[in-house]
Amino acid sequence: MTVAFVNPSPNAEVKARIKGEASWPPLGLLYMATVLNERGVEASVLDQPAKGYSIDDTVDWVLRREPDVVGFSGLSMSGRNAALTSVEVKRRNPEIAVVFGGLYATFNSERVMSKYPSVDVVVRGEGEETIAELVDVLESGGPLKDVRGITYREGESLVSTPDRPLIEDLDSLPFPDRSLLDDDYHSEISGATIAVDKFTSVVSSRGCAFNCRFCCCTKLGRGRWRARSVDNTIEELHYLASEGYEQFIGTTKEIFQKGFVGLADKPFLNASDMLRVAPDLLRLGSYRSVYGYVSKFIENDFLRRTFSFHPLLIGGNPFDSSSIYAMIHDQEREWGVHFAMGGTGALVDALAQLFEEIGGRFLFNAEVAEILVDGRRATGVKLADGTVYH
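Residues numbered from 1 in each chain as written. Predicted model: local features only at pLDDT ≥ 70, side-chain atom pairs only at ≥ 80, totals over all residues. Heavy atoms only, no water.

(A) Spatial organisation of the overall build of the protein chain. Counting its secondary structure elements, the protein chain contains 16 helices and 14 strands. Sorting the 390 residues of the protein chain into buried and exposed places 39% on the buried side. A separation threshold of at least 6 residues defines the contact pool for the protein chain, and within that pool the share at least 24 residues apart is 63%. (Helix = DSSP H or I, 4+ residues; strand = E, 2+ residues; numbered from the N terminus. Buried < 20%, exposed > 50% of the residue type's maximum accessible area, 1.4 Å probe, protein only. Contact = heavy atoms within 4.5 Å.)

Structure follows, in C-alpha cells:
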C-alpha cells in the first residue's frame with residue numbers, strides 16, 4: 001500500500017495577499033506519514049507552497065509515486081486549491097482513493113464531498129489513528145462503516161461514522177519524521193524571516209482550555225487541552241539537536257553555491273557592492289567564524305575542532321576565518337580529497353616544470369620597477385636595472 005500526502009498551497013485569490021505561506025513544516029501530515037511508515041505502508045509528503053509547485057506540478061508528483069491513496073490537508077484558504085488538485089488527480093487516475101482532512105474538511109465534510117465528487121473520504125479530527133485504520137480497510141476491502149471519524153460515500157449518499165475519541169496519550173505517537181521533506185523553513189511572518197538558520201516546529205500539546213470565538217482549537221479539541229510529557233518533549237528536542245551534523249553538512253552546500261559559485265566572480269569595489277550581497281552573506285552566517293558556525297550544530301568540543309580545521313589548509317585561523325570557508329566540507333564530499341605525491345613541494349615543482357616546458361622562465365632576486373600597460377592591459381615589466389620584458 002502506498003500513500004502520498006499533499007499540503008496544498010493557498011487558493012489563487014489569497015496567495016498574492018499573504019507572505020510566508022511555507023513558514024513551518026506541515027507536522028500534521030508528517031505525523032500521519034510516520035505512523036504509516038512504521039506500520040509498513042510507504043508514505044511520502046509534499047509541501048506544495050515550499051516547493052512552489054503549480055497544480056499540474058503537484059499532480060505529476062502524486063502520479064510519479066503511483067499511490068493507492070492520496071491525502072490532502074488544508075485550511076479554508078487552501079481548500080479550493082486542494083479540491084482542484086484532487087479533481088485533476090482523479091481525472092488522470094480514477095483508481096486512486098482521494099482522502100481529505102484538516103480543519104476545513106473536518107467541519108465541512110459533507111459540504112466538501114457534495115461539491116467535489118473527486119473526494120472519496122474525509123478524515124475528521126485527529127488523523128493518526130484514523131488514517132492507519134482507513135488504509136487497512138481500503139487494502140483489505142473491509143467495510144468503511146467500521147472506521148470511526150470518517151465521512152464516506154455509499155452509493156448516492158454520504159455517511160458519517162461516529163467521532164473517534166481523542167488520543168489520550170500523546171507520548172504514544174512517534175516523533176514526526178522531518179526527513180520526509182527536503183525543504184528548508186525559516187519561520188517567515190508577513191515577509192520577515194524570523195529564523196535565519198534552518199527552523200522546525202514542535203507540537204508539545206493539543207487543544208485549548210479557552211473558548212475564543214474566532215479560533216477553532218476549542219471545537220477541534222472538544223474543549224480540552226492535552227499535553228505531552230516534559231520528558232517526551234525534551235527527548236524530541238534532543239533528537240533534533242542530535243541531527244546537527246546532517247544539518248551542518250546540508251548548509252555547507254548552500255554556502256558553496258551562494259558564497260563561491262554565486263559571489264566568487266562578483267567585484268566588491270565600493271559600499272554598494274557589499275550592500276547588494278549583504279542579505280545572502282548575513283543569511284549564510286558569514287559574520288561568524290568557522291568554529292562559531294560549526295558550534296551552532298555540534299555540541300561536542302572535540303568534534304567542533306574536528307569540523308573547524310579546514311581553514312588551516314589555506315592558512316586561516318578557524319577562530320577568525322569567516323564561516324564561508326565551511327564550503328570546503330561540501331567540496332570534499334562532492335569531489336573527494338586529493339593529495340599530491342611528495343606533498344605540496346612536489347606540486348610546486350610540477351607547476352614550475354610545466355611553466356618552463358611552455359616557454360616560461362623564472363627570474364629570482366629581480367626587483368620590478370614598473371609594470372608596463374597599454375590602456376587597461378598589462379604588456380610587460382621593467383626591472384630596476386632597466387631590463388624590459390614583454
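So, next bit.
(B) Structural view of a nonpolar patch on the surface. The grouping of Leu-354, Phe-355, Ile-358, Phe-362 and Phe-364 at the surface amounts to a nonpolar patch, some 570 Å² of accessible area in total. Within the element layout of this structure, Leu-354 appears in helix α16 (residues 343-357). (Patch = residues over 30% accessible without salt bridge, like charges linked within 9 Å, V, L, I, M, F, W, Y side chains within 5 Å. Areas by Shrake-Rupley, 256 points an atom, 1.4 Å probe, with all protein chains shown as cover. Salt bridge = Lys/Arg side-chain N within 4 Å of Asp/Glu carboxyl O.)

(C) The environment of Val-3, seen in detail. Following the sequence through the fold, Val-3 ends up in strand β1 (residues 2-7). Classification of Val-3 as buried rests on a relative accessible area of 1%. For Val-3 and Glu-42, which are 39 residues apart along the polypeptide, the C-alpha to C-alpha distance reads 6.2 Å. Look past the residues within four positions of Val-3 in its chain and what remains in contact with it is Leu-36, Val-41, Glu-42, Ala-43, Ser-44, Pro-67, Val-69 and Val-135.

(D) Just empty space enclosed by the protein, in detail. This structure, assessed with the given rule, holds two cavities of 30 Å³ or more. Within this model, the largest cavity holds a volume of roughly 60 Å³. Every residue along the wall of the largest cavity is listed here: Tyr-31, Leu-170, Leu-173, Pro-174, Phe-175, Val-203, Ser-204, Ser-205, Arg-206, Arg-228 and Asn-232. Within this model, the second largest cavity holds a volume of roughly 40 Å³. Around the second largest cavity, the lining residues are Arg-124, Gly-125, Glu-126, Arg-164, Pro-165, Leu-166 and Arg-222. Taken together, the residues of the lining of the second largest cavity sort by class into two nonpolar, one polar and four charged. (1 Å grid on protein atoms, 1.4 Å probe; cavity = no way out; pocket = protein on both sides within 12 Å on 5 of 7 lines; lining within 4 Å. Points joined across faces, edges and corners; volume = space filled by probe spheres on them. Nonpolar A, V, L, I, M, F, W, Y, C, P; charged D, E, K, R; others polar.)

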